[in-house]
Amino acid sequence: MTRNQNYERNWSVYYKKTYNRPPRLTAKFALKCFNTEYCKKNNTKRFFVIDLGCGGGRDAFEFLKNGWKVLAIDSEIEAIKFLQNREDRPPEADLTFQIAKFKEVDWQECDLVNSSFALPLMPQNDFCGVWQNIKKNLKTGGRISCQLFGYKDEWSGRPGMTFHDRASIFFLLKGFQIEMFLEEEIDSETVLGKRKFWHLFHLVARKMY
Ligand SMILES: C[S@@+](CC[C@H](N)C(=O)[O-])C[C@H]1O[C@@H](n2cnc3c(N)ncnc32)[C@H](O)[C@@H]1O
């Protein structure tokens, strides 16, 4: 058993409980930003999102419903299956998958990298390389929407995870216009029903150059 497996990550139950929940606020906000731009320009562009750590697909599904091309990536085959097997998927959905760890992703240039509650679940050493790849593969004008965890989070210090403070997040977002920066500290439950203190950064940012 690896260290991470000690931390009861029961993804199977997680996916069953979340796959048909509404999209995360960051995903919804990013979608709105693109829609606003799209309406202004009045063109027929089809946007492309990479959903890193798609889980049961609550965000990916929203992008599909909005006519986006989606590449859903997760290291768990079960996550991908949830999305594949949804019967209410739009018939014309442009959806591809990768079963991969974030550090092993076969990257493509995209308009949006969406990663809800997933990027902190990898070690700091991997995080730096993955973040570089996100920046590199986002088009100018493209966006990142994600959650990062702060140091006050109850899980802070767990091996195999990455935590940030405000300053390090501003550093990560150099060259980006920050459109959402919400810091949240809240005592609530995990999806699996455990009490937990969360320290979250909800982020949406647009790549300027
Ligand atoms: C907490 S879930 C979030 C799922 C979904 N984005 C959501 O908001 O409901 C995190 C997901 O990221 C995936 N994941 C975690 N670490 C990963 C890694 N290093 N590489 C690929 N996927 C990873 C997990 O398998 C899981 O499906």
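Residues numbered from 1 in each chain as written. Predicted model: local features only at pLDDT ≥ 70, side-chain atom pairs only at ≥ 80, totals over all residues. Heavy atoms only, no water.

Some details on the site of the ligand
Okay, so step 1: In the neighbourhood of the ligand, 18 residues make up the surrounding shell, with Tyr15, Arg24, Gly53, Asp74 and Phe102 lying closest.
Okay, so step 2: One of the side-chain N or O atoms of Tyr15 is found 2.6 Å from an oxygen atom in the ligand.
Okay, so step 3: A distance of 2.9 Å is found between a nitrogen atom of the ligand and a backbone nitrogen or oxygen belonging to Phe102.
Okay, so step 4: Look at the ligand: alone it shows 590 Å² of surface, and the protein chains cover 94% of it.
Okay, so step 5: Along the lines of polarity and charge, the residues of the shell around the ligand split into nine nonpolar, four polar and five charged. (Near = heavy atom within 4 Å. Polar contact = N/O pair within 3.5 Å; in protein donor to acceptor, adjacent residues only side chain to side chain. Areas by Shrake-Rupley, 256 points an atom, 1.4 Å probe, with all protein chains shown as cover. Nonpolar A, V, L, I, M, F, W, Y, C, P; charged D, E, K, R; others polar.)

A look at the pairing of strand β1 (residues 48-52)
Okay, so step 1: Within β1, five of the five residues are buried, which leaves the element mostly enclosed by the surrounding structure.
Okay, so step 2: Burial of β1 is two-sided: the residues Phe48, Ile50 and Leu52 facing one way and the residues Val49 and Asp51 facing the other way are all buried.
Okay, so step 3: In terms of handedness, the path from β1 via helix α3 (residues 58-65) over to strand β2 (residues 69-74) forms a crossover that is right-handed. (Buried < 20%, exposed > 50% of the residue type's maximum accessible area, 1.4 Å probe, protein only. Helix = DSSP H or I, 4+ residues; strand = E, 2+ residues; numbered from the N terminus. Right-handed = clockwise from strand over helix to strand, strands pointing away.)

A few points about the packing of aromatic side chains
Okay, so step 1: Applying the stated criterion across every chain, the model contains 18 aromatic pairs.
Okay, so step 2: With 5.3 Å between their ring centres and 85° between their planes, Trp11 and Tyr14 make a pair best called edge-to-face. Pair noted here: Trp11 and Tyr14 are both in helix α1 (residues 11-18), with a separation of three residues, about one helical turn.
Okay, so step 3: Overall, the relative accessible area of 25% leaves Trp11 in the partly exposed class.
Okay, so step 4: With 6.0 Å between their ring centres and 5° between their planes, Trp11 and Tyr15 make a pair best called stacked. On the criterion of helical spacing, the pair formed by Trp11 and Tyr15 is a turn pair, its members being four residues apart in helix α1. (Phe/Tyr/Trp six-rings, centres within 6.5 Å; stacked < 30°, edge-to-face > 60°.)

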